[in-house]
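Descriptive structure summary
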Amino acid sequence: MNLSEPQLHVVVIVLGDLGRSPRMQYHALSLLQSGHIVSLIGYTGEDLIPDLISYVSNGESGDMNQLMSDDSLNKSEQQPDFPPQGTLHVVRFEVPAPSFLQRVRVVYFLWRIISLALWLMWVLTFRIPYNLKAPHFVLVQNPPALPLLIVARVYCWLIGFFLCRKRKGPGLIVDWHNLGYSMLTSGALRKVAKAYEKLTAPWADAHLTVTNAMKSFLESEMKLPPEKVQVLPDCPPHMFQPRSLAEQHAILQKLHPQLEKACPKSWRKEGDQSNQTLFTVYRDGKYSPRLARPALITSSTSWTSDEDFGILLAALLSLDSKIEREGVNLRVMVVVTGKGPEKAQYEIQISKLTLHHVAVTTMWLEPKDYPIFLACADVGVSLHTSTSGLDLPMKVLDLFGCQVPVCAMDFDCLSELVQDDVNGHVFQNSDELADQLFELLEPLQHDQRVPCHSFGKLHQYSEHLQNRLRWHDNWCLHARPILEKVANAADHRLYQIEATDAAKS
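Since this is a predicted model, take the numbers as computed values, not measurements. Position numbers for residues start from 1 in each chain and track the written sequence from start to end. Note on the predicted model: pLDDT of at least 70 is required for a residue's local features to be given, and 80 or more for side-chain atom pairs to be given and counted; whole-chain, interface and lining totals, by contrast, use all residues. Only hydrogens and water are set aside; all other atoms, that is, all heavy atoms of the structure, feed into the side-chain values.

Think of it this way: a Phe, Tyr or Trp ring, Trp meaning its six-membered ring, pairs with another when their centres are within 6.5 Å, and the plane angle makes it stacked under 30 degrees, edge-to-face over 60, tilted otherwise. The final tally for this structure, using the stated rule, is 11 aromatic pairs. Between the aromatic rings of tryptophan 122 and phenylalanine 126, the centroid separation amounts to 6.1 Å while the plane-to-plane angle is 45°, which identifies the pairing as tilted. Here phenylalanine 126 and tryptophan 122 lie together in helix H5 (residues 105-126), a separation of 4 residues that amounts to about one turn. Centre to centre, the rings of tyrosine 282 and tyrosine 287 are 4.4 Å apart; their planes meet at 40°, and the pair counts as tilted. Burial classes: relative accessible area under 20% of the type maximum marks a residue as buried, over 50% as exposed, and values in between as partly exposed (1.4 Å probe, protein chains only). Exposure remark for tyrosine 282: the relative accessible area of 34% places this residue in the partly exposed category. These aromatic residues form a ring-pair network of at least three members: Tyr43, Phe93 and Trp119. Between the NZ or CZ atom of arginine 331 and the centre of the ring of tryptophan 267, over which it lies, the distance is 5.6 Å. Only DSSP runs of H or I with at least four residues qualify as helices, and only runs of E with at least two residues qualify as strands; both kinds are numbered from the N terminus onward. In our convention, an over-ring charge means Lys NZ or Arg CZ found within 6 Å of a ring centre and within 35 degrees of that ring's normal.

A fitted line through C-alpha atoms serves as each axis, taken over the contacting stretch for helices, and the angle formed by two N-to-C directions is quoted from 0 to 180°. Interaxial distance between helix H11 (residues 309-326) and helix H15 (residues 430-441) falls to 8 Å at its minimum, and their mutual angle equals 50°. By the criterion of interaxial angle, the relationship of H11 to H15 is oblique. Every pair of crossing elements has a handedness; the one defined by H11 and H15 is right-handed. Along the contact surface, H11 presents Ile311, Leu312, Ala314, Ala315, Ser318, Leu319, Lys322, Ile323 and Glu326, while H15 presents Ser430, Asp431, Leu433, Ala434, Asp435, Leu437 and Phe438. Throughout this entry, Asp, Glu, Lys and Arg are counted as charged residues, while Ala, Val, Leu, Ile, Met, Phe, Trp, Tyr, Cys and Pro are counted as nonpolar. The remaining residues, Gly among them, count as polar. Here the residues of the contact of H11 with H15 sort into 10 nonpolar, 2 polar and 4 charged. Any angle from 65 to 115 degrees is called roughly perpendicular, while one under 35 is roughly parallel, one over 145 is roughly antiparallel, and all others are oblique. Each helix crossing is assigned a hand: it is left-handed if the near helix lies turned anticlockwise from the far helix by less than a right angle, otherwise right-handed if that turn is clockwise. Contacts were defined at the residue level, with two residues in contact if any of their heavy atoms lie within 4.5 Å.

The subject of this paragraph is a nonpolar patch on the surface. Patch members must show over 30% relative accessible area and no salt bridge, and they are joined within 9 Å when carrying like charges or within 5 Å when they are nonpolar side chains of Val, Leu, Ile, Met, Phe, Trp or Tyr. All accessible-area figures derive from a Shrake-Rupley calculation using a 1.4 Å probe, and residue coverage is judged against the displayed protein chains alone. Every case where a carboxyl oxygen of Asp or Glu lies within 4 Å of a side-chain nitrogen of Lys or Arg is listed as a salt bridge. Taken together, the side chains of Ile150, Val154, Trp157, Leu158, Phe161, Phe162 and Leu163 define a hydrophobic patch exposed on the protein surface, amounting to about 640 Å² of accessible area. Along the polypeptide, leucine 158 turns up in helix H6 (residues 148-163).

This part covers the environment of isoleucine 49. Looking at the secondary structure, you find isoleucine 49 in the loop between strand E2 (37-43) and helix H2 (50-53). Accessibility expressed as a relative area gives 9% for isoleucine 49, which makes it buried. Ignoring any residue separated from it by four or fewer positions in sequence, one finds isoleucine 49 in contact with Gln25, Tyr26, Leu29, Met239 and Pro367.

Attention shifts here to the pairing of strand E12 (residues 358-363). Look at any regular strand and the pattern is simple: side chains alternate between the two faces of the sheet. Among the 6 residues of E12, 6 are classified as buried, and the element is accordingly described as predominantly covered. Each pair of strands is called paired provided DSSP finds at least two bridges between the two strands. Inspection of the sheet shows strand E11 (residues 332-337) paired to E12 by 6 bridges, in the parallel sense. Note on E12: the bridge partner recorded for valine 334 is valine 360. In the classification by handedness, the crossover that spans E11, the intervening helix H12 (residues 343-351) and the parallel E12 is right-handed. Throughout, right-handed denotes a crossover for which the path from the first strand over the helix to the second runs clockwise when the strands point away from the viewer.

Here we take up the confidence of the model for the chain. Per-chain confidence: the chain averages 87 in pLDDT, with 88% of residues scoring 70 or above. Low pLDDT, under 50, characterises residues 57-84; the predicted model gives this stretch 48 contacts beyond four residues in sequence or across chains. Segment residues 495-505: pLDDT under 50, and 9 contacts once partners within four positions in sequence are set aside and those in other chains are kept. Confidence scores per residue from the predictor, reported as pLDDT, run from 0 to 100.

Across its 16 residues, H6 extends 22 Å between first and last C-alpha, which sits within 8% of the 22 Å expected from 1.5 Å per residue. Of the residues making up H6, those classed as buried are Leu148, Leu149, Val151, Ala152, Arg153, Tyr155, Cys156, Ile159 and Gly160. Elements in contact with the buried residues of H6: strand E1 (9-17), H5, strand E4 (137-142), strand E5 (171-176) and helix H7 (187-200). One fewer than the residue count of a helix, multiplied by 1.5 Å, yields its expected span.

Next up, the structure:
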């Protein structure tokens, strides 16, 4: 069976907020662009990417109904690069988490695992559109491994037993974003989770990984056959691309009130505010960078302990002092995007900073605005450090798609993505980050109209980011062959009985 044929029904599962699971959304989009039926399952939360909205069927959840009624998405933004061919069925749910159980960690952990297993099995049993076609394979995101891997495998067995009288049923593919057990801090729970992950991983028919290092680990430590493990490196989808000055001006004008509120009054220009932002100006029918504009740094974060945001704050204090000490005419606007549990406490710390040449603000951007805003940046900062040392920050790929260089916190296997002094810089601590930012942004002090990331070394790094492989081409090259192999086996298992029955008749 070839994946270019519109025959398959694929179940894609994320035990997390679908809107904050970009890689699995991209999987769904590529399958849809190949003409297949996709049942996309995950938690309620943030909006899906606009390209997926064009494919939503009548079986979507309430959250998707809200998305579809968003008048801010115009027709051109809702259309993907490829004509809609497949059918998308979205199921989003939320598992109750009683607060009183959270007082006892072990009890809450057990409750969470059992409740997730029951809810997910209920969704898979009663919310999947079996009237369209029986699933050919199930694609799951790991982590979390508990209880997803065992629930997905049992589900495949049940489908095989009840729908085609075969025990194995649809194929199971695991997309490894990280190691689930590596994200746990408790020694006992970590050991249990590691043993579980090592036990259940071989039950899958195929595996995708984000790095070569992850593939090597799975083969050596979990004894997975090399032919069943395929590296599918993250690549930016088409929405992350350089933008025209007109597009940059439009998004910066939309966000201008938030940006202006965060910066000192001396940064603001007098005159008609309707035709200028802190970074761009529209005059005489032309868009151009504003004279002596501030530098723009962006950092996307999930505001968790995986990313030490304190490193960035310390670096900005050092950067501000260095600008003052060197007497350079440089102003820097830092915009931190994202949502997460530690956001409020860091916002308090930001409000207490005494800065003269650097301004910091936080915001959450809609999926349709986020790619355009990233393209306005001069440089991005990644604070991601992997709990396993085997995964990579996808947010760096978003910036690279927009040809924006990055300063990234160093960790094992980062070199698979960021090459120091080639497409950005790698730093070990806040002092190194401050020095790198000063070096990269210092050329902007001169009174010129300079487009974003087009000066000094940033221009050189940005040129190295041109012509990068995009997600769908990358998916067709690396994921499609192993998916076709699993689909072929599943199709044979699911429909061989029908052929036998037809022969008997």
